[in-house]
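Inside the fold
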Amino acid sequence: MSELVVKTKDAIANPIDKASGPWREAWNGFKKSKIAVVGAVIVLFFILLALIGPFIASEGINDQVLSDRLLPPSSDYWLGTDDFGRDILSRIIHGARISLWVGFFSVIGSAVVGSTLGIIAGYYGRWVDMIISRVFDIMLAFPSILLAIAVVSVLGPSLQNALIAIAIINVPNFGRLIRSKVLSIKEDEYITAAKGIGMKDARILFSHILPNSMAPVIVQGTLAVGTAILEAAALGFLGLGATAPEPEWGKMLADSKNYLQTAPWTMVFPGLAIMFTVLGFNLMGDGLRDALDPRMKN
């Protein structure tokens, strides 16, 4: 009898060990998806651009050369110059670091807070679930960009406050997603067995339920990075995000909107940078969803 209890404890303590097969299968499925690979290549390109780009284009970010203002793309300025004579290519390269920084860290913050609240709501249920769920419903009742504008208006316009606002508005998405996953997992036999041997709730939540709920969170997180980058650009365009002279893509669009007809390259290239970055994360997220969701497999 004692040996059976020990084996049961070992099996419960390491339920995720058997997941190496499914995770490996998911990785193989991801590699077979051409769309997912294209998205991953685009994302990797912009990540490398953010990491090594500033060392390549270390000059011309904020250098104002009024004699070179609004020059079209040429051998000297590959993507042209803006209304202050600044090199657009250098500013886009440095803007990649800002946009990815906002995207990654806002999603990490919202995933941590939302997942924690979602796990607590789904596991304990009753009045805890009711309170947390109603808070999520209230937040989701507002359009995300309007809620972000409201948060930034309270905190004050800045890139850091835009990051906080984007993290806040994405909390309900992660919370409701993981709550629904927890509601099904907590009824599994290994969770019942864990409770039966006296395992504490904290260990059950963060050692068993959370690891087995990570697949949808990973997919949502990948898609949310692209959305966060788009929202950061929107706040920057409205003057509520990055402030001058930071080379943030949304701010670059706002500064160039008056020159759309006379110097369209000042808006086209930052807009393309936003579009391809968001497209890369969306394609990669779709590939992860297909690879991690058994229902999507033939």
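See the structure above.
These remarks concern the structure in this document. These numbers were taken from a predicted model, which means no experiment stands behind them.

1. Notes on the overall build of the chain
Summing up its helical and strand segments, the chain has 12 helices and zero strands in all. When the elements of the chain are put in sequence order from the N terminus, they spell out α-α-α-α-α-α-α-α-α-α-α-α. Expressed as a percentage of the 298 residues in the chain, the buried residues total 45%. Within the chain, residue pairs in contact and separated by at least 24 positions form 72% of the contacts whose partners lie at least 6 positions apart. By element, 65% of the accessible surface of the chain is carried by carbon and sulfur atoms, the whole surface being about 15700 Å².

2. What about the nonpolar core?
Counting residues in hydrophobic clusters, the biggest one holds 67 residues, and the most contacted among them are Ile-92, Ile-204, Ile-209, Leu-235, Trp-249 and Phe-281. Leaving out residues up to four positions away in the same chain, Phe-281 has contacts with Val-43, Leu-100, Phe-104, Thr-222, Leu-223, Val-225, Gly-226 and Ile-229. One finds Ala-121, Val-128, Phe-136 and Val-171 within the second-largest nonpolar core, a separate group that totals five residues.

3. Section: the packing of aromatic side chains
For the structure shown, the criterion picks out five aromatic pairs. On the basis of an interplanar angle of 70° and a centroid distance of 6.1 Å, the ring pair of Phe-46 and Trp-249 is categorised as edge-to-face. You can see Phe-46 sitting in helix H3 (residues 34–56) and its partner Trp-249 sitting in helix H11 (residues 249–256), a full 203 residues away along the chain. Taken individually, Phe-46 and Trp-249 each receive the classification buried, so the pair is uniform in this respect. Judged by centre distance (6.2 Å) and plane angle (50°), the ring pair of Trp-101 and Phe-105 falls under tilted. With Trp-101 and Phe-105 both in helix H4 (residues 88–124) and four residues apart, the pair spans about one turn of that helix. Assessed through its relative accessible area of 33%, Trp-101 is described here as partly exposed. Here the aromatic residues Phe-45, Phe-46 and Trp-249 are joined through ring pairs into a cluster of three or more.

4. Focus: a nonpolar patch on the surface
A surface patch of nonpolar side chains, about 660 Å² in accessible area, is lined by Leu-44, Leu-48, Leu-51, Ile-52, Phe-55 and Ile-56. Mapped onto the elements of the fold, Ile-52 is located in helix H3.

5. Description of the environment of Leu-183
Examined against the element boundaries, Leu-183 turns out to sit in helix H7 (residues 159–185). Judged by its relative accessible area of 34%, Leu-183 is partly exposed. Separated by 58 residues in sequence, Leu-183 and Gly-125 place their C-alpha atoms 8.8 Å apart.

6. Quick look at the packing of H4 against helix H5 (residues 126–140)
For any two helices packed against each other, one specifies the inter-axial angle together with the distance between the axes. Where H4 meets H5, the closest approach of the two axes is 7 Å, and the angle between their N-to-C directions is 140°. Regarding the angle of H4 to H5, the classification is oblique. Here H4 runs over H5; the crossing is left-handed. In this structure, H4 uses Leu-117, Ile-120, Ala-121 and Tyr-124 to contact H5, whose residues at the interface are Arg-126, Val-128, Asp-129, Ile-132 and Phe-136. Classifying every residue of the contact of H4 with H5 gives seven nonpolar, no polar and two charged.

7. Section: the packing of H7 against helix H10 (residues 214–237)
Taken N-terminus to C-terminus, the directions of H7 and H10 make an angle of 155°; their axes are 10 Å apart at the nearest point. The angle between H7 and H10 places the two elements in the roughly antiparallel class. The interaxial crossing formed by H7 with H10 has right-handed handedness. Residues Ala-162, Ile-166, Ile-169, Asn-170, Asn-173, Phe-174, Leu-177, Ile-178 and Lys-181 of H7 form the contact with H10, whose own contacting residues are Pro-216, Val-217, Gln-220, Gly-221, Ala-224, Ala-228, Glu-231, Ala-232 and Leu-235. Looking at the contact of H7 with H10, its residues break down into 12 nonpolar, four polar and two charged.

8. Some remarks on unusual backbone geometry
With a phi close to 55°, Leu-70 is a non-glycine residue in the positive phi region. Tracing the backbone shows Leu-70 in the loop between H3 and H4.

9. Observations regarding the pattern of salt bridges
Taken as a whole and judged by the stated rule, the model has seven salt bridges. Put simply, Asp-82 and Arg-86 hold a salt bridge, and the shortest N to O gap is 2.9 Å. No difference in accessibility class separates Asp-82 from Arg-86, as the two residues are buried. Across the pair Arg-179 and Asp-129 runs a salt bridge, and its minimum N-O distance is 2.7 Å. Taken together, the residues Arg-179 in helix H7 and Asp-129 in helix H5 connect sequence positions 50 residues apart. Overall, the relative accessible area of 12% leaves Asp-129 in the buried class. Through salt bridges that share partners, Asp-82, Arg-86 and Arg-91 make up one connected network.

Thresholds applied
- Residues numbered from 1 in each chain as written.
- Predicted model: local features only at pLDDT ≥ 70, side-chain atom pairs only at ≥ 80, totals over all residues.
- Heavy atoms only, no water.
- Helix = DSSP H or I, 4+ residues; strand = E, 2+ residues; numbered from the N terminus.
- Buried < 20%, exposed > 50% of the residue type's maximum accessible area, 1.4 Å probe, protein only.
- Contact = heavy atoms within 4.5 Å.
- Areas by Shrake-Rupley, 256 points an atom, 1.4 Å probe, with all protein chains shown as cover.
- Core = buried A, V, L, I, M, F, W, Y, C linked by side-chain atoms within 4.5 Å.
- Phe/Tyr/Trp six-rings, centres within 6.5 Å; stacked < 30°, edge-to-face > 60°.
- Patch = residues over 30% accessible without salt bridge, like charges linked within 9 Å, V, L, I, M, F, W, Y side chains within 5 Å.
- Salt bridge = Lys/Arg side-chain N within 4 Å of Asp/Glu carboxyl O.
- Axes fitted to C-alpha atoms, helices over the stretch in contact; angles between N-to-C directions.
- Parallel < 35°, antiparallel > 145°, perpendicular 65-115°, else oblique.
- Left-handed = near helix turned anticlockwise from the far one by under 90°.
- Nonpolar A, V, L, I, M, F, W, Y, C, P; charged D, E, K, R; others polar.

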